[in-house]
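# Architecture at a glance
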Amino acid sequence: AGVTTTAVSLYLAANRRLCRTYSDNQSDQQSVIALTNREYALLSYLTEGKRLQEIADVFLMCSVHTLNKDLKSLRQRTGAATTEQLVVYFVTQQMG
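Residues numbered from 1 in each chain as written. Predicted model: local features only at pLDDT ≥ 70, side-chain atom pairs only at ≥ 80, totals over all residues. Heavy atoms only, no water.

Turning our eyes to something else, we now look at the overall build of the protein. What the protein contains, in helices and strands, is five helices and two strands. Of the regular secondary structure in the protein, the N- to C-terminal order runs α-β-β-α-α-α-α. Looking at the 96 residues of the protein, the share that counts as buried comes to 33%. Within the protein, counting contacts between residues at least 6 apart in sequence, those at least 24 apart form 47% of the total. A total of about 6,000 Å² of accessible surface is found on the protein, and carbon and sulfur atoms cover 51% of it. (Helix = DSSP H or I, 4+ residues; strand = E, 2+ residues; numbered from the N terminus. Buried < 20%, exposed > 50% of the residue type's maximum accessible area, 1.4 Å probe, protein only. Contact = heavy atoms within 4.5 Å. Areas by Shrake-Rupley, 256 points an atom, 1.4 Å probe, with all protein chains shown as cover.)

What follows is the structure, encoded as structure tokens:
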């Protein structure tokens, strides 16, 4: 089943108050990572198994290049080496 407009609205509404904490790879200090609406939606769609091209064209109406830039920024901010690690991090944070 496809993602409805209501589901997207819920993702975006939830993100307006979203802040996630993570352990910095270099220290034991807790840091805060705030996600933009697009970053949150992108990660949410990736956890559902959507491909970047589909996310760009159908759901977020932007280019794949833009999404790749978002992923690079997120990987740098979280210390994730790969997009797969980033998705695992995101899912872990959602559960915690």
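There's more to say after this.
Take unusual backbone geometry next. Its identity is not glycine, yet Met 61 carries a phi of approximately 50°, on the positive side. Position of Met 61 relative to the elements: it lies in the loop between α3 (52-59) and α4 (64-78).

What follows concerns the packing of aromatic side chains. Counted by the stated rule, this structure contains two aromatic pairs. Between Tyr 40 and Phe 90, the aromatic rings sit 5.5 Å apart at their centres with planes inclined by 75°, giving edge-to-face as the arrangement. In this pair, Tyr 40 is assigned in helix α2 (residues 37-47) and Phe 90 in helix α5 (residues 83-95), connecting sequence segments 50 residues apart. By relative accessible area, which is 7% here, Tyr 40 ends up buried. A residue is classified by how much of its surface remains accessible, and Phe 90, at 5% relative accessible area, is buried. Between Tyr 45 and Phe 59, the aromatic rings sit 4.5 Å apart at their centres with planes inclined by 20°, giving stacked as the arrangement. Of this pair, Tyr 45 sits in helix α2 while Phe 59 is found in helix α3, placing the two residues 14 residues apart along the sequence. As far as the burial class goes, Tyr 45 and Phe 59 line up, both buried. (Phe/Tyr/Trp six-rings, centres within 6.5 Å; stacked < 30°, edge-to-face > 60°.)

Our focus in this paragraph is α5. Here α5 contains 13 residues, and its C-alpha end-to-end distance of 18 Å stays within 8% of the 18 Å for a straight helix at 1.5 Å per residue. For α5, the complete set of buried residues consists of Leu 86, Val 87, Tyr 89, Phe 90 and Gln 93. For α5, the angular spread of buried residues about the axis comes to 160°, placing them on one side. Exposed side of α5, more than 90 degrees from the buried face: Glu 84, Val 88 and Met 95 are the residues found there. (Expected span 1.5 Å × (residues − 1). Arc of directions from axis to C-beta.)

The biggest cluster of nonpolar side chains holds 22 residues, and the ones touching the most others in it are Leu 35, Leu 42, Leu 46, Ile 55, Leu 60 and Leu 67. Of all the elements in the fold, those that place two or more residues in this core are α2, α3, α4 and α5. Of all the elements, α2 adds the most residues to this core, at six residues. For Leu 60, the residues in contact, after removing those within four places along its chain, are Arg 38, Ala 41, Leu 42, Tyr 45, Ile 55 and Leu 67. (Core = buried A, V, L, I, M, F, W, Y, C linked by side-chain atoms within 4.5 Å.)

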